[in-house]
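Per-entry structural report
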Amino acid sequence: MGLAQSWRGCVVRSGAAAGSAGASLPQRPFRAPTWLAPVLLAGLAALPTAAREPASITTAAAGDGPLPLAVEVGGAVERAMAAGQIPGAVVTIGARGRILFEGAFGARTLAPEREPATLDTLYDLASLTKPIATATGVLILADRGKLELDAPVARYLPEFGARGKQAITVEDLLRHWGGLVADNSLADYRHGPEEAWRRICELELSAPPRAQFFYSDVGYVVLGKLVERLDGRPLERFAREEIFAPLAMGSSGFLPGADLRARCAPTEQRTAEDGSVHWMRGEVHDPRAFALGGVAGHAGLFSTASDVSRWCRMVLGGGQLDGRRVLTPHSAAALLTARALPGGGGERTLGLDAGHGTVGGELFPAGVSAGHSGFTGTSLWLDPASDGFAVVLSNRVHPDGRGEAGGLRRAVAHAAARAFRAAGPAVLTGADILEREGCARLSGRRVALLTNHTGRTSAGVRTIDLLRRAEGVTLVCILAPEHGLGARAEGTIAKEIDPASGLTVHSLYGEARKPTADMLAGADTLVIDLQDVGTRIYTYGTTLALALEAAGELGVRCLVLDRPDPLGPLANPGAWGPLADAGRLDFTSYRPIPLVHGLTLGELARLNRDSFGIAVELDVIPCEGWRRSMTWAQTGLEWRDPSPNLRNPTATLLYPGLALLETTNVSVGRGTDAPFERFGAPWIDGPRLARALNLLALPGLEFTPIRFVPTSSTFHGQECSGVHVAVTDRARLRPVEAGLAIARTLRELFGSGFEFEKIDRLLRNRATLAGLESGASLAEIAKGWGPDLQSFEEARARAMLYPP
């Protein structure tokens, strides 16, 4: 049966979300469109005869999923089979909770007799065991407080600390930074698991911890032992009860029983101790895992592509799937957040590889996608930017151990990347949803729009133009916040005219900061569409509050078109900073909330209504697909500068801390090409300052001495010595505490030459300033924020619209 023949029997699962394990998606017969036949036939004709014999394909495409994806993947698998690299494969590709492609190709067994591959075929996952069972298990225990990732492994497994291994941390092993060998001798495993463990503990280091990357099976054997020691259950039972059962991964596990073995794809033949030879079917291929009884932290897991896809969706879903939580959002994000060794290289997450190689190809965005491969011919890849995944399962070592799956993995990754790009961004903003609805909820309304150039759909259509063209909607006027409609102006802004629409643009950063009755004359609805940056001192939040107050007073309904918070990944109490003192509020600190409030503009509107007593008719159109743990890159949305000097997401992450220096005699890089990523002054000794700051080991930051000449703002035209601030680990970043540490270091190094007290103009918290002056540690100062933060957190929780 050739490729074209196989398409005649394929099934399309139409328009369905990826369902729970065992659930059938709606099915209908596939009828190939006329344009597809010549594509398939041309591709088939180019293949050797051998490629046409083994193919047996079942496909599934969600909704209008691109059929070229099926053609591209099908062709890649057929070529690999024709070259004798694999007997067959199962491929699943999905995005945003939907299966875009699902196909079973060729055979799962060629010997002793041929069996076709099916979607429910189980494969020996080999090293995919590491992230799916072992790393996930370790993170579950960390979430429950049973271990600390930065603690030495020897704290929990004392015998492991022998022969210089006492400094290896749990995180080191998860990232393959521990300095252990890749594999120790097979002879170490011949006398059973206990003796094998003793010999592992006696191993010496191949390199000091964190000195270089060594991919190590041994490290994950140790992590499997760690899970068993701390939990008390065998690894296979822990994984079954804590991972596979909650995720409805019913075909996954170590040591598959007879019913599952019948669906297993065999690997090679193994010679038993009595000299008999048998096929490894449902029996782990890895010799060390086999010697350990078929269960080990580095190998031994069997599963289907469907089940592996459910694990992928759980990770992309912030640690939960179908309402069942397996990991905290923080731990799920850690599986997708890469870090490099201090000296560079070895970029790994807590269980996955972030170097694309043959697994992820070259088309996924560097540094924000991750995956893993397995020796037997398996792989998975996760792309948070598109909320997408690709799973390839094959038994490339069947029947003789000489197959190859690298080219297939790369081809499938490229096909998936192209499909994800075609699908658009992972997150839809409130403006996107309003456009999708045809602006129906505004039909018959006369609208005033508060916006700037960030207010537009993902396709680039300005919200101004969206409302102007909407049937039944009358756009009366436009209002603009600080920096004007183009978000490029500095200082006070006068009223202007939007050239494209001819509408008046009223400035809310000129003579008036609050919309007046004259501005809103003739409007019954105020629509607000602005990109905020999640920081108290950024004035768009104040403009929002004043606009809500005015709308409430004038009886005007409010609709907020929400957008993601770029500081979402920092949205935990440890990163918030102090509340503004209640008696010292002004335009830059309009509410007694933390410096980093962790809310979108829509949520901030709800907070103003529910906790600060603004009586207004309010509705919010939330984003779709956004969760707080997402970096901006993961949203897939284009970055548009919300103001002249926040030019990228990195500067925005640093802004809550470095902005504290703005009211002092320090340049924060305004008038340079990297504002809020550098700071300095003519009186600063940059190398001395960089050394002092690096000695503080501020989480997620690194400082490099530089010189720069601002062309505007503080010290314009003067050469400044200072530092460039690099974000090395977003997950650990605490910008407010970093800003306070920087201010104190400037005071300690340069004394009265630094206008230290002026940081309080934006900090607005006298207790924090006093703590810095008295020499209290940052931990002691932050502890003092606790009671106020707890009260704020309760109010914030009521306003929240999005998952972690």
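Here's a quick rundown of the structure.

Tallying secondary structure elements over the protein gives 28 helices and 25 strands in all. Relative to its 804 residues, the protein shows a buried fraction of 59%. With the model as given, the accessible surface of the protein reaches about 29500 Å², and the carbon-plus-sulfur share is 50%.

It is worth spelling out empty space enclosed by the protein at this point. All told, the structure shown has six cavities of 30 Å³ or more when counted by the stated rule. The volume enclosed by the largest cavity comes to roughly 110 Å³. Lining the largest cavity are 13 residues, with Arg536, Gly541, Thr542, Ile593 and Leu604 sitting closest to its centre. Counting residues per element, the lining of the largest cavity draws most heavily on helix 18 (residues 540-554), at three residues. Tallied by class, the residues present in the lining of the largest cavity amount to five nonpolar, five polar and three charged. Taken as a whole, the second largest cavity holds about 60 Å³ of empty space. Around the second largest cavity sit Val315, Gly318, Ala332, Ala333, Leu336, Thr337, Arg627, Ser629, Met630 and Gln634, which together line it.

This part takes up the environment of Leu508. One can find Leu508 in the loop between strand 19 (504-507) and strand 20 (525-529). Sequence separation between Leu508 and Pro481 is 27 residues, and the spatial gap between their C-alpha atoms is 5.1 Å. Leu508 has contacts with Leu450, Leu479, Ala480, Arg513, Lys514, Pro515, Met519 and Thr543, leaving out every residue within four places of it along the chain.

Next up on the list: the pattern of salt bridges. In this structure the tally under the stated criterion is 48 salt bridges. Of the charged contacts, one joins Asp760 and Arg584 as a salt bridge, the two residues approaching to 2.4 Å between their closest N and O atoms. Of this pair, Asp760 sits in helix 25 (residues 760-763) while Arg584 sits in the loop between helix 19 (573-576) and helix 20 (601-611), and the two are 176 residues apart along the sequence. The class for Asp760 is buried, based on a relative accessible area of 8%. Its relative accessible area of 15% is what places Arg584 among the buried residues. Because the salt bridges share partners, they merge into one network encompassing Arg144, Lys146, Asp231, Arg233, Arg237, Glu241 and Glu242.

What follows concerns the packing of aromatic side chains. The final tally for this structure, using the stated rule, is 11 aromatic pairs. Here Phe101 and Phe105 contribute two aromatic rings whose centre-to-centre distance is 6.2 Å and whose plane-to-plane angle is 25°, an arrangement assigned as stacked. Comparing Phe101 with Phe105, the two get one shared label, buried. Among the aromatic residues, those joined into a cluster by ring pairs are Tyr538, Tyr540, Tyr655 and Phe676. Stacked on the ring of Phe375, the Lys or Arg Arg396 has its end atom at 4.5 Å from the ring centre. Note that Arg513 overlies the ring of Tyr509, its terminal NZ or CZ placed 4.1 Å from the centroid.

Moving on, we come to unusual backbone geometry. With omega at 5°, the peptide bond leading from Ala111 into Pro112 counts as cis. Position of Pro112 among the secondary structure elements: in the loop between strand 4 (98-109) and strand 5 (115-116). In this structure, Pro399 follows His398 across a cis peptide bond, with omega equal to 0°. Note on placement: Pro399 falls in the loop between strand 15 (388-394) and helix 15 (406-422).

A separate point is the nonpolar core. Ranked by internal contacts, the top residues of the largest apolar core, which has 91 residues, are Leu479, Leu526, Ile528, Leu661, Phe679, Phe703 and Leu746. Here this core gets eight residues from one element, more than from any other, and that element is helix 24 (residues 735-750). Core analysis: the second largest hydrophobic core is formed by 76 residues, Leu119, Cys201, Ala296 and Cys312 among them.

To continue, consider the sheet that holds strand 19. Sheet architecture is open: seven strands sit in the order 18-19-17-16-20-21-22, paired in mixed fashion. If you trace the sheet from one side to the other, it starts and ends with strand 18 (496-497) and strand 22 (618-621), each paired once. When strand 17 (residues 474-480) meets strand 19, the two strands line up parallel, connected through three bridges. Opposite Ala480, over in strand 19, you have Ser507 as the bridge partner. Against the sheet, helix 18 makes contact with strand 16 (446-451), strand 20, strand 21 (557-561) and strand 22, and its axis sits at roughly 170° relative to strand 20, the strand it touches most. Lying over the sheet, helix 20 contacts strand 20, strand 21 and strand 22, oriented at roughly 160° with respect to strand 22.

Right, let's get into the sheet that holds strand 7 (residues 253-254). Strand order in the open sheet formed by three strands is 6-10-7, with antiparallel pairing between adjacent strands. Of all strands in the sheet, those bounded by a partner on one side alone are strand 6 (123-124) and strand 7. Pairing between strand 7 and strand 10 (residues 301-303): two bridges, direction antiparallel. Each bridged residue has a counterpart across the sheet, and for Gly253 the counterpart in strand 10 is Phe302.

Its location among the elements puts Arg233 in the loop between helix 8 (217-231) and helix 9 (235-244). Taking the relative accessible area as the measure of exposure, Arg233 reaches 14% and is therefore buried. Of note is the side chain of Arg233, whose polar atom sits 2.7 Å from the side chain of Glu242. Look past the residues within four positions of Arg233 in its chain and what remains in contact with it is Arg144, Glu228, Phe238, Glu241 and Glu242.

Turning our attention to the packing of helix 20 against helix 28 (residues 786-799). At a closest axis distance of 8 Å, the pairing of helix 20 and helix 28 adopts a crossing angle of 115°. In terms of their interaxial angle, helix 20 and helix 28 are classed as roughly perpendicular. With respect to the hand of their crossing, helix 20 and helix 28 are arranged in right-handed fashion. Contacts between helix 20 and helix 28 pair Glu603, Arg606, Leu607 and Ser611 from the former with Phe792, Ala795, Arg796, Arg798 and Ala799 from the latter. Here the residues of the contact of helix 20 with helix 28 sort into four nonpolar, one polar and four charged.

A few words now on the pairing of strand 16. Of all six residues that make up strand 16, five are buried, and the element is covered over most of its length. Where strand 16 and strand 17 come together, five bridges link them in parallel fashion. Among the inter-strand pairings, Leu450 is bridged to a residue of strand 17, identified as Leu479. In this region the chain leaves strand 16, passes through helix 17 (residues 463-469) and returns to the parallel neighbour strand 17; the handedness of that crossover is right-handed. As defined by bridge partners, strand 16 adjoins strand 20 across five bridges and the pair is classed as parallel.

What counts, and at which threshold
- The numbers attached to residues start from 1 for each chain and follow its sequence in the written order.
- It should be noted that, the model being predicted, local features are given only for residues of pLDDT at least 70 and side-chain atom pairs only at 80 or more, the latter also being counted only at that level, while totals for whole chains, interfaces and linings use all residues.
- Hydrogens and water molecules were not included; the side-chain quantities draw on all heavy atoms of the structure.
- The numbering of helices and of strands both runs from the N terminus, where a helix is a DSSP run of H or I of at least 4 residues and a strand a run of E of at least 2.
- Three labels apply to residues, based on accessible area from a 1.4 Å probe with only protein chains included: buried if under 20% of the type maximum, exposed if over 50%, partly exposed otherwise in between.
- Here the accessible surface of atoms and residues is derived via Shrake-Rupley with a 1.4 Å probe, and residues count as covered only by protein chains that are part of the display.
- Points on a 1 Å grid, built from protein atoms alone, make a cavity when a 1.4 Å probe fits but cannot get out and make a pocket when they are open with protein on both sides within 12 Å along at least 5 of 7 lines; residues with an atom within 4 Å of a point are the lining residues.
- Grid points are joined across faces, edges and corners, and a volume is the space filled by probe spheres set on the points.
- Amino acids outside the nonpolar list (Ala, Val, Leu, Ile, Met, Phe, Trp, Tyr, Cys, Pro) and the charged list (Asp, Glu, Lys, Arg) are all regarded as polar, and Gly is one of them.
- Residues count as neighbours in contact if any of their non-hydrogen atoms are within 4.5 Å of one another.
- We define a salt bridge as a side-chain nitrogen of Lys or Arg found within 4 Å of a carboxyl oxygen belonging to Asp or Glu.
- Note on ring pairs: Phe, Tyr and Trp rings are taken, using the six-membered ring of Trp, and paired if centres are within 6.5 Å. Classes follow the plane angle, with under 30 degrees stacked, over 60 edge-to-face and the rest tilted.
- In this scheme, Lys NZ or Arg CZ marks a charge over a ring once it lies within 6 Å of the ring centre and within 35 degrees of the ring normal.
- As used here, the term nonpolar core means buried Ala, Val, Leu, Ile, Met, Phe, Trp, Tyr and Cys residues forming a set that is joined through side-chain atoms within 4.5 Å.
- Pairing between strands requires that DSSP locate at least two bridges from one strand to the other.
- Here the axes come from fitting lines to C-alpha atoms, over the contacting stretch only for helices, and the angles between their N-to-C directions go from 0 to 180 degrees.
- Pairs of N or O atoms are called polar contacts if they sit within 3.5 Å, as long as, within protein, a hydrogen donor faces a hydrogen acceptor (for residues adjacent in sequence, only side-chain-to-side-chain pairs).
- Roughly parallel here means an angle under 35 degrees, roughly antiparallel means over 145, roughly perpendicular means 65 to 115, and every remaining angle is called oblique.
- Less than a right angle of anticlockwise turn of the near helix away from the far helix marks a crossing as left-handed, whereas a clockwise turn marks it as right-handed.
- A crossover gets the label right-handed when its path from the first strand over the helix to the second runs clockwise, viewed with the strands pointing away from the viewer.

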